[in-house]
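Chain by chain, the residues run as shown.
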Amino acid sequence: MIEINLLPDELKIKVKKTSVLAASQNKIITFAVIFGVIVLAALNLYVVIRSTAAAAKLKSLNSQWSGLEQKRKSIDVFKQESSSAMGSDKAMQQLIASSLVWSEKLNKLSLNLPYGVWFNEMSVNRKELIIKGSVLSLDKQEMGLLNKFIDDLKKDQQFSRDFDKMDISSLQRKTIGGYEVADFVFTLRTKTK
């Protein structure tokens, strides 16, 4: 329905201009409140979705963890068995460490062997290494060559550390084809550990 005011201007109620401004402010406040509610609702929805996804992932990981329970038990059993085997392994390592490495010793013997000295026979047991050999010197210095050989072995710390005693236990001279040859028996006693 349309209303028409036919009163003269002096009798008419004057409408203030401020009411239009207040109405536009009310609209802005209303829109701000609605926008704030929408933002809070969106944040709430985001938090709910994230927590639901995290709960689903936690449930999945818990089911995997319980599925691995049997494997964990078998690993624990293996660790216990291996730790008991480690004790025997340490004993084996100590035994290996206390044993002689004969290949190194024989290599050192070969490297220190002077010209004119050779080995005829070698025998080894737990207590000693016995070397039977011969010495030939055109200068008649058989004993000098033999003593130099023994002194070089005694000076070699890597070689001599495993032996208590290194000495010539027998020496015999003989002549072969006009040359004097000395046959010797060199005994190296091992250290007892």
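Residues numbered from 1 in each chain as written. Predicted model: local features only at pLDDT ≥ 70, side-chain atom pairs only at ≥ 80, totals over all residues. Heavy atoms only, no water.

1. Brief notes about a nonpolar patch on the surface
And then number 1: A surface patch of nonpolar side chains, about 410 Å² in accessible area, is lined by Phe35, Val39, Leu40 and Leu43.
And then number 2: The residue Leu40 is located in helix H1 (residues 18-67) in this model.
And then number 3: Taking relative accessible area as the criterion, Leu40 reaches 59% and is therefore assigned exposed. (Patch = residues over 30% accessible without salt bridge, like charges linked within 9 Å, V, L, I, M, F, W, Y side chains within 5 Å. Areas by Shrake-Rupley, 256 points an atom, 1.4 Å probe, with all protein chains shown as cover. Salt bridge = Lys/Arg side-chain N within 4 Å of Asp/Glu carboxyl O. Helix = DSSP H or I, 4+ residues; strand = E, 2+ residues; numbered from the N terminus. Buried < 20%, exposed > 50% of the residue type's maximum accessible area, 1.4 Å probe, protein only.)

2. Topic: the pattern of salt bridges
When the charged atoms of two side chains with opposite charge come close together, those side chains can pair.
And then number 1: Overall, the coordinates contain 9 salt bridges when judged by the stated rule.
And then number 2: A salt bridge links Lys105 to Asp162; the shortest N-O distance between them is 2.7 Å. With Lys105 in helix H3 (residues 102-112) and Asp162 in the loop between helix H5 (157-160) and strand E3 (163-176), the pair connects residues that are 57 residues apart, well separated along the chain. Just as Lys105 is buried, Asp162 falls in that class too.

3. Regarding the environment of Thr30
And then number 1: By the element assignment, Thr30 lies in helix H1.
And then number 2: Overall, the relative accessible area of 44% leaves Thr30 in the partly exposed class.
And then number 3: At 2.7 Å, the side chain of Thr30 and the backbone oxygen of Asn26 are in polar contact. (Polar contact = N/O pair within 3.5 Å; in protein donor to acceptor, adjacent residues only side chain to side chain.)

4. Points about the nonpolar core
Note on soluble globular proteins: their nonpolar side chains tend to be buried together.
And then number 1: Formed by 16 residues in total, the largest nonpolar core has its most connected members in Leu109, Leu153, Phe159, Met166, Phe186 and Leu188.
And then number 2: At the level of elements, strand E2 (128-136), helix H4 (142-155), E3 and strand E4 (179-190) are the ones that each hand at least two residues to this core.
And then number 3: The element best represented in this core is H4, accounting for 5 residues.
And then number 4: Sequence-distant contacts of Leu109, defined by excluding residues within four places in its chain, comprise Phe119, Met122, Leu129, Ile131, Phe149, Leu153 and Phe159. (Core = buried A, V, L, I, M, F, W, Y, C linked by side-chain atoms within 4.5 Å. Contact = heavy atoms within 4.5 Å.)

5. What about the confidence of the model for the protein?
And then number 1: Looking at the protein as a whole, its pLDDT mean stands at 83, while 87% of the residues score no less than 70.
And then number 2: Put simply, helix H2 (residues 69-98) is where the protein has its lowest mean pLDDT, 74, and strand E1 (residues 117-124) is where it has its highest, 90. (pLDDT = per-residue confidence, 0-100.)

6. Regarding the packing of aromatic side chains
And then number 1: By the definition in use, this model includes 3 aromatic pairs.
And then number 2: Centre to centre, the rings of Phe159 and Phe163 are 5.2 Å apart; their planes meet at 40°, and the pair counts as tilted. The two residues Phe159 and Phe163 agree in class, both being buried.
And then number 3: Ring pairs connect the aromatic residues Phe119, Phe149 and Phe186, which therefore count as one cluster. (Phe/Tyr/Trp six-rings, centres within 6.5 Å; stacked < 30°, edge-to-face > 60°.)

7. Describing the pairing of E3
And then number 1: Two strands pair when backbone bridges link them, and E3 and E4 are joined in this way by 12 bridges, in the antiparallel orientation. Considered in E4, the bridge of Ile176 is made with Tyr179. (Pairing = 2+ DSSP bridges.)

8. Considering the environment of Lys108
And then number 1: Take Lys108: it is sitting in helix H3.
And then number 2: By relative accessible area, which is 22% here, Lys108 ends up partly exposed.
And then number 3: Sequence separation of Lys108 and Asp152 is 44 residues, and the distance between their C-alpha atoms is 10.0 Å.

9. Quick notes on the sheet that holds E4
And then number 1: Pairing in this open sheet of 4 strands is antiparallel, and the strands run E1-E2-E4-E3 from one edge to the other. In this open sheet, the two edge strands, each paired with only one partner strand, are E1 and E3. Across this sheet, the average inter-strand angle for adjacent strands is 15°, counted without regard to direction.
And then number 2: Across 7 bridges, E1 lies against E2 in antiparallel orientation. Residue pairing across strands places Phe119 opposite Gly133, the latter belonging to E2.
And then number 3: Each of E1, E2, E3 and E4 is contacted by H3, which is oriented at about 160° to E1, the strand it contacts most.
And then number 4: With respect to the sheet, H4 is in contact with E1, E2, E3 and E4, its orientation differing from that of E3 by roughly 160°. (Axes fitted to C-alpha atoms, helices over the stretch in contact; angles between N-to-C directions.)

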